[in-house]
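For reference, the chains in residue letters:
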Amino acid sequence: MTSISTDPRPLRTADLGTLVIMSWSRETPDGDVPFLLACSLGDGEGGPEAAPAAVEGLLSRSGLAVGGDGVLDATVLPSLPIGLLVVPGAAALTMPGVNAQFIPTPQWRAAVDARGYACLIFATRPWSGGEPGDGEAVAAFANHEDTLSSAAQVVLPVRSLRS
């Protein structure tokens with residue numbers, strides 16, 4: 001008798017390489033919407049070819065599926081082990097195996113403050129080039145069909161430190 005293991009594959013962090021977080025906001029008829037793009041630079045041990053599998057393993061450990069299953073609304077899933085902490089001048093995305101701090105743009109921070117959430121696109125596709133700080137390059141990469149079809153997409157509630 002054959003059985004299929006549901007245990008996740010071992011996570012090869014060496015294949016993840018450098019993970020980057022980029023923030024931007026986009027004007028919609030309902031106001032500014034804050035977005036985050038998380039992806040590997042493809043500079044891990046196995047190069048850009050190994051990064052997608054490594055990122056997919058990281059995402060599966062966090063309960064996230066990649067691909068066309070739509071956007072997961074984490075605002076109604078308090079047990080999901082992913083968090084977005086926003087404090088004055090900084091923010092951090094946390095999940096099993098990741099604690100990525102970044103400095104958001106003022107526009108992104110204003111949109112997050114107004115909405116109370118951010119839309120995360122965690123791409124399995126490595127960053128394809130250009131400067132990560134270039135808003136047009138980030139938007140083009142994040143909106144590319146190859147990126148979206150192989151990414152996890154999550155609406156993340158924002159947490160802040162309370163005094």
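Details of the structure are given in the entry above.
Since we're looking at a predicted model, the values are computed, not measured.

Engineer: Where do I start with the side chain of Thr28 in this structure?
Structural biologist: Assignment of secondary structure puts Thr28 in strand β1 (residues 19-28). A distance of 2.6 Å separates a polar side-chain atom of Thr28 from the backbone oxygen of Gly31. What Thr28 contacts, discounting residues up to four positions off in sequence, is Val33 and Arg115.

Engineer: Explanation requested: helix α2 (residues 51-61) in the structure shown.
Structural biologist: Within an α-helix, residues lying three or four positions from one another point in the same direction, as the helix has 3.6 residues per turn. Among the residues of α2, those classed as buried are Ala51, Ala54, Val55, Gly57, Leu58 and Leu59. Directly beyond the C-terminal end of α2, a positive phi value near 80° is found at Gly63.

Engineer: What should I look at first to understand the packing of aromatic side chains in this one?
Structural biologist: The geometry of two aromatic rings is summed up by the distance between their centres and the angle between their planes. Following the criterion strictly, the structure yields three aromatic pairs and no others. Arranged with centres 5.7 Å apart and planes meeting at 70°, the rings of Phe102 and Trp108 form a pair that is edge-to-face. Residue Trp108 is classed as buried on the basis of its relative accessible area of 0%.

Engineer: For this particular structure, what's the right way to read the nonpolar core?
Structural biologist: Note that soluble globular proteins tend to have their nonpolar side chains buried in a common cluster. Ranked by size, the top nonpolar core spans 28 residues in total, and within it Trp108 and Phe122 carry the most contacts. Mapped by element, the contributors of at least two residues to this core are β2 (31-40), α2, β4 (83-87), β5 (90-95), β6 (98-102), α3 (106-115), β7 (117-123) and β8 (151-159). With four residues, α2 is the single largest residue contributor to this core. Discounting chain neighbours no more than four positions away, the residues touching Trp108 are Ser23, Trp24, Ser25, Pro34, Phe35, Leu36, Leu84, Val86, Ala91, Phe102 and Ala118. The next biggest cluster of nonpolar side chains, apart from the first, holds 17 residues, and it includes Ala137, Ala142, Ala151 and Val155.

Engineer: Looking at this structure, how should I read the pairing of β6?
Structural biologist: A regular strand carries its side chains on alternate faces of the sheet. Along β6, the buried face is formed by Val98, Ala100 and Phe102; none of Asn99 and Gln101, which line the opposite face, is buried. Bridge analysis of β5 against β6 gives five bridges, and the strand direction is antiparallel. What sits directly across from Thr94, in β6, is Asn99. Taken together, β5 and the strand that follows it, β6, pair antiparallel across an intervening segment of two residues, in which Gly97 is found at a positive phi of about 90°.

About the thresholds
- Residues numbered from 1 in each chain as written.
- Predicted model: local features only at pLDDT ≥ 70, side-chain atom pairs only at ≥ 80, totals over all residues.
- Heavy atoms only, no water.
- Helix = DSSP H or I, 4+ residues; strand = E, 2+ residues; numbered from the N terminus.
- Polar contact = N/O pair within 3.5 Å; in protein donor to acceptor, adjacent residues only side chain to side chain.
- Contact = heavy atoms within 4.5 Å.
- Buried < 20%, exposed > 50% of the residue type's maximum accessible area, 1.4 Å probe, protein only.
- Phe/Tyr/Trp six-rings, centres within 6.5 Å; stacked < 30°, edge-to-face > 60°.
- Core = buried A, V, L, I, M, F, W, Y, C linked by side-chain atoms within 4.5 Å.
- Pairing = 2+ DSSP bridges.

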